[in-house]
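Close look at the chain arrangement
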Amino acid sequence: MTIHAHALLFDNDGTLVSSLDSVERCWTRWAREYGITAEEFGRVELHGRTAVEIVADLLPARLVPEAVARVEQLEVEDVPNGGVRLLPGTRAFLDSLPADRWAVVTSATRRLAEARLGAVGITPKALVSADDVTRGKPDPEPYLLAARQLGVDPAHCVVFEDAPAGLRAGRAAGMTTVALATTHRAEELDADLVVRDLSALVTDGGVEIAVRG
């Protein structure tokens, strides 16, 4: 299968990098600080959602701004402690792309996203974070904003995601979707193409994508 595109839009956590261990450490500590039980915390979906949405599910509205700032602080401080690592294929795949034809679209705050990307040497020219939108994934707003930043019609963009919420956002934006089975089983991912990770893909030195081999 070959996918022709004008721009490639990448989720970050679970797509380009893994920060799952850091997320577990930091959010577990945060939950203890705010008196949230393991049962309460276990009922909330974490992956692919903004911190504001997660915190709002767990705490009264008056506490949300302070609590969001606290978890962001914990996660940023955890980055140097093995808080992030590149996923297979990320470096080679990004290095093969024209710098002005791809963007990172993340549910993390800009401060946290830049800390994690910087720690592994990824410097996208375009970055859409939770701070840049009013509605996070699965709403299409983040991906539509990235397309506008790159000056590309959404119909000519390809979204790379590991989370169902992000894939729904990409489809709602009218974009082709590629799912990476890094955090969910392949059968849980509804996309135009499902692969294990970016190491399964190759490009032509532009933004035409094919499955390796």
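Described below are features of the structure shown in this document.

Here is what the cut-offs are and how they apply
Residues numbered from 1 in each chain as written. Predicted model: local features only at pLDDT ≥ 70, side-chain atom pairs only at ≥ 80, totals over all residues. Heavy atoms only, no water. Axes fitted to C-alpha atoms, helices over the stretch in contact; angles between N-to-C directions. Helix = DSSP H or I, 4+ residues; strand = E, 2+ residues; numbered from the N terminus. Parallel < 35°, antiparallel > 145°, perpendicular 65-115°, else oblique. Contact = heavy atoms within 4.5 Å. Pairing = 2+ DSSP bridges. Buried < 20%, exposed > 50% of the residue type's maximum accessible area, 1.4 Å probe, protein only.

1. So, the packing of helix H4 (residues 64-78) against helix H6 (residues 110-119)
Interhelical geometry of H4 versus H6 gives an angle of 10 degrees and a closest axis separation of 9 Å. Here H6 runs roughly parallel to H4, going by the angle between their axes. Between H4, through Glu-72, Gln-73, Glu-75 and Val-76, and H6, the contact on the second element is made entirely by Arg-111, Leu-112, Ala-115 and Arg-116.

2. Remarks on the side chain of Ser-18
Looking at where Ser-18 falls in the secondary structure, it is placed in strand E3 (residues 17-18). The residues touching Ser-18, leaving out its near neighbours within four places in the chain, are Gly-83, Val-84, Arg-85 and Leu-87.

3. A closer look at the sheet that holds strand E5 (residues 102-105)
In spatial order, the strands read E6-E5-E2-E7-E8-E9; together these 6 strands make up an open sheet with parallel pairing. Sheet topology places strand E6 (127-128) and strand E9 (193-195) at the edges, where each strand pairs with a single neighbour.

4. A short note on the environment of Ala-146
Here Ala-146 is to be found in helix H7 (residues 141-150). Once the C-alpha coordinates of Ala-146 and Ser-129 are considered, the two residues, 17 residues apart in sequence, prove to be 9.8 Å apart. Among residues more than four places away in sequence, those in contact with Ala-146 are Leu-9, Ala-103, Val-105 and Val-128.

5. Overview of the pairing of strand E2 (residues 7-10)
Of the two faces of E2, the one holding Ala-7 and Leu-9 and the one holding Leu-8 and Phe-10 are both buried throughout. Pairing of E2 with E5 involves 3 bridges; the strand directions are parallel. Each bridged residue has a counterpart across the sheet, and for Leu-8 the counterpart in E5 is Trp-102.

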